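# Coordinates in review
This is what each chain is made of:
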Amino acid sequence: MTQDTALSSPHPLLVIYTGGTLGMVESGSGLVPGGDIEARLARALGALSAERRAALPEFEVLAFPDPIDSSAATPREWQRLAAEIAERHRDHPGVVVLHGTDTLAWTASSLAYQLQGVDRPVVVTGAMQPLEADGSDATDNLELALRFAVDPALQEVAIAFGGKLLRGVRARKWLSRDADAFASPNYPLLGERIGMDPILYPEQGLARQQRGAPRFELPDYGPLAEGGVARIVLWPGITARQVAAWLHDPALKGALLEVWGGGNVPEDPELLGVLAEASGQGKLLVAISQCPHGGIDIGHYAAGQGLHTAGVLSADDMTPEAALTKLVHLLAQPLADDERRQRFLARLVGER
Ligand code: ASP
């Protein structure tokens, strides 16, 4: 980005382009990730008013050579992205990640666990429409992300989208078409755009003692990406046999169960037996509610007691994205079962 369009700083931000609609172009078979991203970002930002351009920080771009539609992302992509950030972040006041919206909340959640204690902003953003589309949200989101990413008071992984700044590990893609696509159902906003300015709410950020010193954990997610975790959503009529088909898989190391309301499951001894057997084999089973708002309280109803007995842990009010990426993160490390269970229940990065 050139001097006349950016605030001059000895240390530019780092912008990492991983793919997603923001950088997509038309192909014969629909939108596909496009290249030449640096020039395209500069063109889009260059079209902003002089006042808005003057408020932009400088940045340099690292474009992944193989940008993807984020629907193709796996834990391997989460690992690769965290490794890039871990290696390069010290040379930059903050990092912006350009990512597809479909699995953006999963990536942001995973980054939060891998980059624990990060002492500068890591802001993930994307867009519902490509940079060059008429009325696109891409430039606004990029501008917001860049401006939040130079605020030293932001020291965690966040998502800038649709005028809002959300904690990465609390956010979900909520709307499939609207520009205001992301929500944080169980945690307040970290900031938002008011007028043209990004306003951070520091009291919502991770407190210093909670954040701790940078202590990145970058385990190899490769083995877990081979079917090591599953997400099982209950429905009325689900059978023990169906759950067993997931849990008996020898490759499976842990599973997220999405149960009823406040933490209930069918009182089916066979089903509970399957859960208990998997727990007994050292598989880490955790539960959240299918309700997007609120947490669970396993055992409040008799219909939930079985989860306790089967050794299923409460993921309380975590999002499915936060709970599953935490499973991947903990199962990828050589921890004793007890410690892994304790760490799942602990609040590592403000995820619960
Ligand atoms: N399929 C796209 C992606 O996730 C959607 C988007 O970016 O909005 O990469």
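Residues numbered from 1 in each chain as written. Predicted model: local features only at pLDDT ≥ 70, side-chain atom pairs only at ≥ 80, totals over all residues. Heavy atoms only, no water.

## Looking at the overall build of the chain
Regarding its fold elements, the chain presents 11 helices and 16 strands. The C-alpha radius of gyration of the chain comes to 21 Å, within 12% of the 20 Å expected for a compact globule of 352 residues. Overall, the chain is about 70 × 50 × 35 Å in size when its C-alpha atoms are taken along their principal axes. Burial statistics for the chain: of 352 residues in total, 56% are counted as buried. At a minimum sequence separation of 6, the contacts of the chain that also span at least 24 residues come to 74%. Carbon and sulfur atoms provide 52% of the accessible area of the chain, an area that totals close to 14500 Å². With 30 positive and 44 negative side-chain charges, the chain shows a separation of 3 Å between the mean positions of the two kinds. (Helix = DSSP H or I, 4+ residues; strand = E, 2+ residues; numbered from the N terminus. Rg over C-alpha atoms; globule rule 2.2 N^0.38 Å. Buried < 20%, exposed > 50% of the residue type's maximum accessible area, 1.4 Å probe, protein only. Contact = heavy atoms within 4.5 Å. Areas by Shrake-Rupley, 256 points an atom, 1.4 Å probe, with all protein chains shown as cover. Lys, Arg positive; Asp, Glu negative; His and termini not counted. Charge placed at Lys NZ, Arg CZ, Asp CG, Glu CD.)

## A look at the sheet that holds strand β14 (residues 254-259)
Strands sit in the order β13-β14-β15-β16 across an open sheet of four strands; the sheet is parallel. One side of each edge strand has no neighbouring strand; the edge strands of this open sheet are β13 (229-233) and β16 (313-314). Direction of pairing for β13 relative to β14: parallel, over a ladder of five bridges. Paired with A230 across the two strands is A255, which belongs to β14. (Pairing = 2+ DSSP bridges.)

## Overview of the sheet that holds strand β1 (residues 13-19)
Ordered by their spatial adjacency, eight strands build an open sheet running β4-β1-β5-β6-β7-β8-β11-β12, and the pairing between neighbours is mixed. The sheet terminates laterally at β4 (59-68) and β12 (197-200), the two strands that pair on one side only. In this sheet, neighbouring strand axes are inclined to one another by 20 degrees on average, regardless of whether the strands run parallel or antiparallel. Pairing between strand β8 (residues 164-167) and strand β11 (residues 191-194): two bridges, direction antiparallel. The residue of β11 that forms the bridge with K164 is E192. Relative to β4, helix α3 (residues 75-88) is tilted by about 160 degrees, and along the sheet it contacts β1, β4, β5 (95-98) and β6 (122-125). Along the sheet, helix α4 (residues 104-114) makes contact with β6 and β7 (157-161), crossing β7 at roughly 155 degrees. (Axes fitted to C-alpha atoms, helices over the stretch in contact; angles between N-to-C directions.)

## What about the side chain of R172?
Summarising the element assignment, R172 is placed in strand β9 (residues 172-173). Judged by its relative accessible area of 17%, R172 falls in the buried class. Among the polar contacts listed, one links the side chain of R172 to the side chain of E321, at a separation of 3.1 Å. The residues touching R172, leaving out its near neighbours within four places in the chain, are A105, A181, F182, A183, P185, R231, T319, P320 and E321. (Polar contact = N/O pair within 3.5 Å; in protein donor to acceptor, adjacent residues only side chain to side chain.)

## Some words on the site of the ligand
The environment of the ligand is made up of G20, T21, M24, D69, S70, G100, T101, D102 and A127. Residues belonging to the shell around the ligand are distributed by class as follows: two nonpolar, five polar and two charged. (Near = heavy atom within 4 Å. Nonpolar A, V, L, I, M, F, W, Y, C, P; charged D, E, K, R; others polar.)

## Details of unusual backbone geometry
Positive phi, close to 55 degrees, is recorded for D36, a residue that is not glycine. The topology assignment puts D36 in the loop between β3 (30-33) and α1 (37-46). We classify D36 as exposed; its relative accessible area is 56%. Of note, D316 is a non-glycine position whose phi angle comes to about 50 degrees, a positive value.

## Topic: the nonpolar core
Ranked by internal contacts, the top residues of the largest apolar core, which has 53 residues, are I85 and L111. Sequence-distant contacts of L111, that is, excluding residues within four places in its chain, are made with W78, L81, A82, I85, V122, V124 and V157. L131, L142, L146 and L200 belong to the second largest nonpolar core, which has 31 residues in total. (Core = buried A, V, L, I, M, F, W, Y, C linked by side-chain atoms within 4.5 Å.)

## Description of the pairing of β6
Along β6, one buried face is formed by V122 and V124 and the opposite face, lined by V123 and T125, is buried too. Relative to β6, β5 runs parallel, the two sharing four bridges. Residue L98 lies in a different strand from β6, and its bridge partner there is T125. Following the chain from β5 across α4 to the adjacent parallel β6, one finds a crossover that is right-handed. For the crossover from β6 across helix α5 (residues 138-148) to β7, the handedness is left-handed. (Right-handed = clockwise from strand over helix to strand, strands pointing away.)

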